[in-house]
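# Examining the three-dimensional arrangement
Okay, here's what each chain looks like letter by letter:
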Amino acid sequence: KAGVTQTPRYLIKTRGQQVTLSCSPISGHRSVSWYQQTPGQGLQFLFEYFSETQRNKGNFPGRFSGRQFSNSRSEMNVSTLELGDSALYLCASSGANYGYTFGSGTRLTVV
Amino acid sequence: DAKTTQPTSMDCAEGRAANLPCNHSTISGNEYVYWYRQIHSQGPQYIIHGLKNNETNEMASLIITEDRKSSTLILPHATLRDTAVYYCIVRANAGGTSYGKLTFGQGTILTVHP
């Protein structure tokens, strides 16, 4: 079956702009989580959505937001981009067995 | 989630077993031990998880000590493609702050040599 799909793979944005990243989970998976990975901070949890509701949230400013649609696809948005937002953004989907499958990520560069 | 401690790096010869240790001395009774790995610039890949019994799948074996304070991931015949960062994660599988959240530490950089 198809894995977790993230689009786009690469993105370059300018400071102050906003960006939207997309994640399509494995068919049948209702939970989608988002992570940020940077060399300095490693992998950090952003938030998790289940059945269109945010169930958990990490320690990130309000500029980071997300949503989930009825087909379980999810988007995350970062507004007013800062240089420090440059990172690999990963999403993971999970079904009933609590295992998490990650996508290949979106590499965001803020210039 | 309980904190885990892993060596920063390890080396292994191709074809030999790679044994990656993890300490999780504050693990709670309802917390599982998960192992993931990340090959450069890819998303983390699930390897195996367990509660208290030893587990084996097509990728690896997981040995958890009787007191559950430490565990070892075993790659029985390491190949060059097993070179990656390996993360040991402890988490409960239900409720509240656990939803969707895997707490990644710095992991162990495993380098497999020819």
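For the structure itself, look to the data block above.
Overview of the structure. Keep in mind the model is a prediction, meaning the values are calculated, not measured.

A word on the pairing of strand E5 (residues 42-50) of chain A. Residues and elements named next belong to chain A. Counting buried positions over the nine residues of E5 gives seven, a clear majority of the element. In this antiparallel pair of consecutive strands, strand E4 (residues 31-38) and E5, the connection spans three residues. With four bridges joining them, E5 and strand E6 (residues 53-57) adopt antiparallel strand pairing. The residue of E6 that forms the bridge with Glu48 is Asn56. Where E5 hands over to E6, the hairpin turn is made up of two residues, of which Ser51 adopts a positive phi near 50 degrees.

Every contact between the two is made by 17 residues of chain A and, on the other side, 18 residues of chain B. Counting each side, the surface lost to burial between chain A and chain B is near 1,600 Å², with a carbon and sulfur contribution of 52%. Inspection of the chain A/chain B interface yields four residue pairs in polar contact (both at pLDDT 80 or more). Among the secondary structure elements, those contributing two or more residues to the side of chain A that touches chain B are E4, E5, E6, strand E9 (87-94) and strand E10 (100-102) of chain A. Of the residues in the side of chain A that touches chain B, the class split is eight nonpolar, six polar and three charged.

This part is about the state of the cysteines. One pass over the full model with this rule turns up two disulfides over all chains. Shown here is the disulfide that connects Cys23 of chain A with Cys91 of chain A, its sulfur atoms set 1.8 Å apart. As the torsion about the S-S bond is roughly 70 degrees, the Cys23 of chain A-Cys91 of chain A disulfide counts as right-handed. With a gap of 68 residues between them, Cys23 of chain A in strand E3 (residues 19-24) and Cys91 of chain A in strand E9 connect regions that are remote in the sequence. For the pair Cys23 of chain A and Cys91 of chain A, one class covers both residues: buried. With a sulfur-sulfur separation of 2.1 Å, Cys22 of chain B is cross-linked through a disulfide to Cys88 of chain B. Since a negative S-S torsion denotes a left-handed disulfide, the Cys22 of chain B-Cys88 of chain B link at about -80 degrees is left-handed. With Cys22 of chain B in strand E2 (residues 18-23) and Cys88 of chain B in strand E8 (residues 84-92), this residue pair connects regions lying 66 residues apart in the sequence.

Rules of the game
Residues numbered from 1 in each chain as written. Chains lettered and ligands numbered in written order. Predicted model: local features only at pLDDT ≥ 70, side-chain atom pairs only at ≥ 80, totals over all residues. Heavy atoms only, no water. Buried < 20%, exposed > 50% of the residue type's maximum accessible area, 1.4 Å probe, protein only. Helix = DSSP H or I, 4+ residues; strand = E, 2+ residues; numbered from the N terminus. Pairing = 2+ DSSP bridges. Contact = heavy atoms within 4.5 Å. Buried area = accessible area lost by both parts, 1.4 Å probe. Polar contact = N/O pair within 3.5 Å; in protein donor to acceptor, adjacent residues only side chain to side chain. Nonpolar A, V, L, I, M, F, W, Y, C, P; charged D, E, K, R; others polar. Disulfide = S-S within 2.5 Å.

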